[in-house]
Amino acid sequence: AVVSTQSTGEFFDNPQSSVAAQAWAWMDIGFIFISVASMFVETTPPITEMAKNDFRVRDGLKYCETITVLYFTIDLFLRGLACPSFCNYIKSPLTWVDTFAVSPYYAELFFPSESGNLDGLRVLRVARVMRVLKLIRRSKKLMTIATVMKNCVSELFLLIVIWTMGVIVFAMLMYTFEENHNAHIESVFDAMWWAVVTMSTVGYGDITPETVAGKLIGTVVVFLSMVFLALPLTIIVSTFSKVYGNRKCMVMKKRQNMIYASGPDDDDDDDT
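Thresholds, definitions, all that
- Residues numbered from 1 in each chain as written.
- Predicted model: local features only at pLDDT ≥ 70, side-chain atom pairs only at ≥ 80, totals over all residues.
- Heavy atoms only, no water.
- Helix = DSSP H or I, 4+ residues; strand = E, 2+ residues; numbered from the N terminus.
- Buried < 20%, exposed > 50% of the residue type's maximum accessible area, 1.4 Å probe, protein only.
- Contact = heavy atoms within 4.5 Å.
- Areas by Shrake-Rupley, 256 points an atom, 1.4 Å probe, with all protein chains shown as cover.
- Salt bridge = Lys/Arg side-chain N within 4 Å of Asp/Glu carboxyl O.
- Patch = residues over 30% accessible without salt bridge, like charges linked within 9 Å, V, L, I, M, F, W, Y side chains within 5 Å.
- Core = buried A, V, L, I, M, F, W, Y, C linked by side-chain atoms within 4.5 Å.
- Polar contact = N/O pair within 3.5 Å; in protein donor to acceptor, adjacent residues only side chain to side chain.
- Expected span 1.5 Å × (residues − 1).
- Axes fitted to C-alpha atoms, helices over the stretch in contact; angles between N-to-C directions.
- Parallel < 35°, antiparallel > 145°, perpendicular 65-115°, else oblique.
- Nonpolar A, V, L, I, M, F, W, Y, C, P; charged D, E, K, R; others polar.
- Phe/Tyr/Trp six-rings, centres within 6.5 Å; stacked < 30°, edge-to-face > 60°.
- pLDDT = per-residue confidence, 0-100.

J.: Requested: an account of the overall build of the protein chain, with residues and values cited.
T.: For the protein chain, the count of helices and strands is 10 helices and zero strands. For the protein chain, the N- to C-terminal ordering of α and β elements is α-α-α-α-α-α-α-α-α-α. Looking at the protein chain residue by residue over its 272 residues, the buried ones come to 30%. Considering only contacts in the protein chain between residues 6 or more positions apart, those separated by 24 or more positions represent 65%. About 17,900 Å² of surface is accessible on the protein chain, with carbon and sulfur atoms providing 70% of the total.

Here it is in structure tokens:
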């Protein structure tokens with residue numbers, strides 16, 4: 001039974017294990033793109049108006065959503081049955097992603113928004129975009145990025161701390177010098193938005209300093225943001241290179257083991 005469960009788990013987690021596993025993986029990707037495309041299409045004004053006036057359009061979108069959610073639910077259920085350890089399956093972040101991806105449909109099914117004060121459930125529809133994250137299962141490179149983020153928690157925390165400190169300090173300085181001279185900076189929160197945009201090197205241009213002191217502060221912010229953000233990012237990039245290199249070595253060793261495992265059979269055939 002354990003062997004059967006492990007082989008079934010390989011079917012879902014390793015598309016290279018069989019032709020049927022590859023077909024299931026491509027079907028999974030297809031349903032993900034259909035679901036996301038349907039979500040985008042139903043937000044366009046022409047389709048929205050047609051859905052209000054034509055029940056066929058409205059029912060078509062509903063059927064598309066129902067079919068995709070039904071497939072995702074079956075996939076979620078079968079993965080749980082195939083996993084050797086159900087507790088580990090429940091704890092997996094990808095399991096929670098799959099659960100949140102289908103939860104809006106069932107929430108609106110059992111608690112329809114037309115029934116009164118439950119309009120807040122429409123916020124759950126935002127969770128539908130999490131279906132895109134299901135593609136992580138189908139990409140080893142995306143899994144590598146997830147592994148890097150997990151291994152670089154301390155570096156990411158350091159990056160957030162440095163960024164937050166810079167936003168607070170430079171926002172207060174900018175507000176002090178621009179308070180009575182800049183109509184766009186009426187509070188520290190406005191200055192914090194300017195600091196966020198500037199420190200991220202985006203620079204929307206909606207808020208700009210007007211005094212000489214403010215411009216000098218802006219110059220210092222741009223320079224220091226490049227330096228401070230580059231330090232932890234360098235560590236993250238280095239970790240990514242190590243993890244990606246280790247994963248490539250594991251793939252090469254696995255291929256070599258498969259070649260060596262098939263070698264004796266070929267030799268026996270030659271002897272006969």
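J.: Lay out the pattern of salt bridges with the relevant residues and their values.
T.: Using the criterion set out here, one finds two salt bridges in the structure. The partner of Asp75 in a salt bridge is Arg79, and the shortest N-O contact between them spans 3.0 Å. Here the residue Asp75 and the residue Arg79 both occupy positions in helix α4 (residues 55-82), the gap between them amounting to four residues, near one helical turn.

J.: Hey, could you go over a nonpolar patch on the surface for me, with residue numbers and the actual values?
T.: Side chains of Val222, Phe223, Met226, Val227, Phe228 and Leu231 sit close together on the surface and give an oily, nonpolar patch of about 550 Å² of accessible area. Tracing the sequence through the fold places Met226 in helix α10 (residues 212-271).

J.: Hey, could you go over the nonpolar core for me, with residue numbers and the actual values?
T.: In this structure, Met174, Ile185, Ala191, Trp194, Ile217 and Val221 are the most contacted members of the largest nonpolar core, which totals 13 residues. Broken down by secondary-structure element, the contributors of at least two residues to this core are α8 (153-178), α9 (188-199) and α10. If you tally residues by element for this core, the top one is α8, at five residues. Beyond its immediate chain neighbours, meaning those up to four positions away, Val221 contacts Phe170, Trp194, Thr198 and Met199. In terms of nonpolar packing, the next biggest core, distinct from the first, is built from 12 residues, Trp24, Val69, Tyr71 and Ala82 among them.

J.: Any chance you could break down the side chain of Asn182 for me, citing the residues and the numbers?
T.: In this structure, Asn182 sits in the loop between α8 and α9. With a relative accessible area of 3%, Asn182 lands in the buried category. Separated by 2.7 Å, the side chain of Asn182 and the backbone oxygen of Thr208 make a polar contact. Apart from the residues within four sequence positions on either side, Asn182 is in contact with Thr208, Pro209 and Glu210.

J.: Quick rundown of α4? Include the residues and the values.
T.: Compared with an ideal rise of 1.5 Å per residue, which puts 28 residues at 40 Å, α4 spans 40 Å between its outermost C-alpha atoms and is within 8% of the ideal. The complete set of buried residues in α4 reads Val57, Leu61, Glu65, Thr68, Val69, Tyr71, Phe72, Asp75, Leu76, Arg79, Gly80 and Ala82.

J.: A description of the packing of helix α3 (residues 45-53) against α4 should follow, citing residues and the corresponding values.
T.: α4 packs onto α3 with a crossing angle of 110 degrees between their chain directions and a minimal axis gap of 5 Å. Here α3 lies roughly perpendicular to α4, going by the angle between them. In this structure, α3 uses Ile47, Met50, Ala51, Lys52 and Asn53 to contact α4, whose residues at the interface are Phe55, Val57, Arg58 and Leu61. By residue class, the composition of the contact of α3 with α4 is six nonpolar, one polar and two charged.

J.: Account for the packing of aromatic side chains, with residues named and values stated.
T.: For the structure shown, the criterion picks out seven aromatic pairs. For the pair Tyr105 and Tyr106, a centre-to-centre distance of 5.4 Å together with 85 degrees between the ring planes defines the contact as edge-to-face. Counting every residue linked through ring pairs, the aromatic cluster contains Trp24, Phe31, Tyr71 and Phe72.

J.: An account of the confidence of the model for the protein chain is needed here, citing residue identities and associated values.
T.: Interpretation of this model should avoid reading the predicted coordinates in detail wherever pLDDT is low. On average, residues of the protein chain score 78 in pLDDT, and 83% of them are at 70 or above. By mean pLDDT, helix α1 (residues 2-13) is the weakest element of the protein chain at 58, and α9 is the strongest at 91. Confidence drops under a pLDDT of 50 for residues 1-6, and excluding neighbours within four residues, the segment shows five contacts in the predicted structure. Segment residues 115-119: pLDDT under 50, and four contacts once partners within four positions in sequence are set aside and those in other chains are kept.

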